[in-house]
Each structure stands twice: as structure tokens, then as C-alpha cells.
Amino acid sequence: MTASPDWLKDKKARLERKNTFDGSLVLGTAKFNKETGRDIQTLQPFKGLIDPDTGLIRPDMVRPRNCPVCDEAPGPGLFVKDGFRHVRCPSCGLIYVSLILREDVMIQYWREEIAWTSVLRSSPQMEMDRIKFGYGLDVAEAYLPPELPRELLDIGAGTGGFVKLAVERGWKSTAQELNLESSESLAREAVEVIVKPLELAELPPHSFSLVTLWEVLEHLAEPKVLLSHASRLLRDGGLLLILVPNVGSLVSRILHEKSHTFGGHSHLNHFDANSLPAILDVAGFAILEMETVLTELGTINNHLDFQDPYLGDAPAFTPLFTPELIHDKLWGSRLLALARKKSVS
Ligand SMILES: [Zn+2]
């Protein structure tokens, strides 16, 4: 195994690096949200499908599902937001959406979606993401067994910021992306792009040394199936780098359904520091590292000041909430984990 570089063990250095891609710390919450276009794109795209009698998405547009981690039937509801019922699994504790959009509706949405893609293409977002991607790749490279070639697969590559950075750093990179606009632009960049679901891509097993999932697992009806595919595609000793929203974050615990992380048309699974390792374990991965990134401190302060959480300009409510405390407690708004494919012996 590669020896970990010193900065991996230097908590202060890592915190300082994390703060440089925390958009709300760097630019201020309202400025970051406006300049990336988040203030416009958060409108619910499936409003027209809500049945006025029940307040839920019309039954002909949805399909039921059990807990995507442990297959238990749904527990009591936590809340309904934009027509989608959010529940907590009585067995494993996962928070998830129990009636999700029909598969064809969902696939069409992902192919044609442009609002979120425009947020990803905004210059402040691309700047923050590039630093974030560099941080993640540094962590992965520190653990990459030296005998493995630098070949990666980025699943749900979006606008391709990560893949382009990886290519610059000498990785042979393949991108998988369903969105038409994003996949066309990736192909123009001469990146190898797979424009179909991974299970239909017929990639040979043991093809990659690193698989990356940047904000993908929360969108999937069957996250375990995708993780099993990822495991098969990895060489022995290969790595999985994964970033997901953290439902155990301070911002989600304070805002509950007001948090933008809850958007049931798209965010189907809400992992925390317990359920993410649990699903990775079931899918054949052992966690090497897990931390949080992005504080959403400004969002928290705005809410505690009775302002719009995403567009307010409140001063710090209490000096007790610091990036250091938030990440120490794994209360940041995203979980970043690196895992190794478990050997089958
Ligand atoms: Zn469960």
C-alpha cells in the first residue's frame, strides 16, 4: 500500500483545504446561491403531478419501494415534501422516499434535465468543485496500491469537471452520464463516455482501479445494485470514492424538510455516517476513510435568525458553531468516503 502523505494525517491542514471549497464560507451563502443559480432552480419540477386530494404525487406516476439498504417495508412517515413521502426505516434507520417516480419518468427527467446542469456549469460552482475534486483525488491517490494502473470510471459524471481534472493528472478516465447535454459536451472533450445505465454498458470486470460516485447514490432507486456493479468493475484492491449529502448534518437536523437536500423527485436516499458504511459493507466494500465536507454554516445562521436560510445574510448566531466543530462531529452537509473492494477469499 502507498504510504499516506503527511497531509492526510494533519487534521488542521485538511480542514484548511476543505474550507477553500466551501462555497458559503468563501463567498457567503446568499451570494453563492445566487451566483450559481440555485435560487432559481429549486422550484419543484413535478408540481403538476400532485393530487390535490392527497397532497401526494399521483398514484399512476409513482412506484412503491422498500428500504434500499435492508429491504424492510417502510416505517411511519417523517414528512411529505412537494408530494413525496419521506420515511425512516424501522430496521436500519435510513431516511428515504418510499413512493418514487416511475422508472421511465425518472430516466426522461435525467436525460432532459437542464436546470441543475446550469448550476453545475456556473463559474463559482466549477471553481469550488475543481478544488473539491482535487481534494478527493488526493485522498484516493494516497491509498491507491502502487501496482494498480491509474484507470478510473466516474459514474454520473455530470458536466465532467472531475473527469477532466483526473485526465490532467494522468488518469485514463471513462465517464458514465445519462444527461444528453452533459454527455455530448463530455464527448466533445474527447473523454470516453457511456450514455446508458451502467448495467447495460457491458464493461468487462476488473477494468478499473478507482470508481468515483460524486453525488450519485442519493439519486438511485436501487443503490445496492449500482454498488455491486462498481465492485465487479474494480480490480482487486481497487478503490471507491463517494460523496453523498449527509442527512445527519447539522443543517439537515436544524432545517428538516426546509433543507434543499429533501427533493423527492431526485433525492431518493438520505445517508448518514451510519447508513453509508452499512450499505457499502453489504455491497462488498470496507471503509478506509470517512469525513464530512461543506458546512452550510451560513444557511444555519440564516435560519436561526428567522431569515430565508438560503438567501439571508445573518451574522453568526453563536461562535460555538465552527467548521472545525462541524467536521469533527461529522455534521458537515456532505459525507466523503473512500472504501476498498473487499477480497472475496
Ligand atoms: Zn432499512
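Residues numbered from 1 in each chain as written. Predicted model: local features only at pLDDT ≥ 70, side-chain atom pairs only at ≥ 80, totals over all residues. Heavy atoms only, no water.

Focus on the layout of surface pockets
Looking at the second largest pocket, its volume works out to about 290 Å³. Forming the boundary of the second largest pocket are 16 residues, of which Leu-78, Arg-88, Ile-95, Val-247 and Arg-253 lie nearest the centre. Mapped onto the lining of the second largest pocket, the elements with two or more residues apiece are strand S2 (77–81) and helix H12 (250–255). (1 Å grid on protein atoms, 1.4 Å probe; cavity = no way out; pocket = protein on both sides within 12 Å on 5 of 7 lines; lining within 4 Å. Points joined across faces, edges and corners; volume = space filled by probe spheres on them. Helix = DSSP H or I, 4+ residues; strand = E, 2+ residues; numbered from the N terminus.)

Considerations on the pairing of S2
Within a regular strand, the side chains alternate between the two sheet faces. Bridge analysis of S2 against strand S3 (residues 84–88) gives four bridges, and the strand direction is antiparallel. By the bridge assignment, Gly-77 is partnered in S3 with Val-87. (Pairing = 2+ DSSP bridges.)

What about the sheet that holds strand S13 (residues 334–341)?
Ordered in space as S8-S7-S6-S9-S10-S13-S12, the seven strands form an open sheet in which the pairing is mixed. Single-partner strands in this sheet number two, and they are strand S8 (192–194) and strand S12 (285–293). Strand-to-strand twist of the sheet, defined as the mean angle between neighbouring strand axes without regard to direction, takes the value 20°. Where strand S10 (residues 234–245) lies against S13, seven bridges are found, and the strand directions are antiparallel. Counted as the bridge partner of Leu-243 is Leu-336 from S13. Relative to S10, helix H8 (residues 123–143) is tilted by about 150°, and along the sheet it contacts strand S9 (208–214), S10, S12 and S13. (Axes fitted to C-alpha atoms, helices over the stretch in contact; angles between N-to-C directions. Contact = heavy atoms within 4.5 Å.)

Focus: the coordination of the zinc ion
Put simply, the ideal angle at a metal is 109.5 degrees for four donors in tetrahedral geometry and 90 or 180 degrees for six donors in octahedral geometry. The zinc ion binds to the protein through Cys-67 (SG), Cys-70 (SG), Cys-89 (SG) and Cys-92 (SG); the donor distances cover 2.3 Å. One can describe the site at the zinc ion as tetrahedral: its four donor atoms subtend angles covering 100 to 120° at the metal. The motif formed by the donor residues of the zinc ion, counted along the single chain, is C-x2-C-x18-C-x2-C. According to the relative accessible area criterion, Cys-89 is buried, its value standing at 3%. Accessibility expressed as a relative area gives 33% for Cys-92, which makes it partly exposed. (Donors = N, O, S within 2.8 Å, 3.2 Å for Na, K, Ca; no water. Tetrahedral: all angles 85-135°; square planar, octahedral: opposite > 155°, others 65-115°. Buried < 20%, exposed > 50% of the residue type's maximum accessible area, 1.4 Å probe, protein only.)

Notes on the packing of H8 against helix H9 (residues 161–168)
Viewed as axis vectors pointing N to C, H8 and H9 meet at an angle of 55°, and their least axial separation amounts to 9 Å. Considering the angle they form, H8 stands oblique to H9. The hand of the H8/H9 crossing is right-handed. From H8, Arg-130, Phe-133, Gly-134 and Leu-137 reach across to H9, where they touch Gly-161, Phe-162, Leu-165, Ala-166 and Glu-168. For the contact of H8 with H9, the residue count by class is five nonpolar, two polar and two charged. (Parallel < 35°, antiparallel > 145°, perpendicular 65-115°, else oblique. Left-handed = near helix turned anticlockwise from the far one by under 90°. Nonpolar A, V, L, I, M, F, W, Y, C, P; charged D, E, K, R; others polar.)

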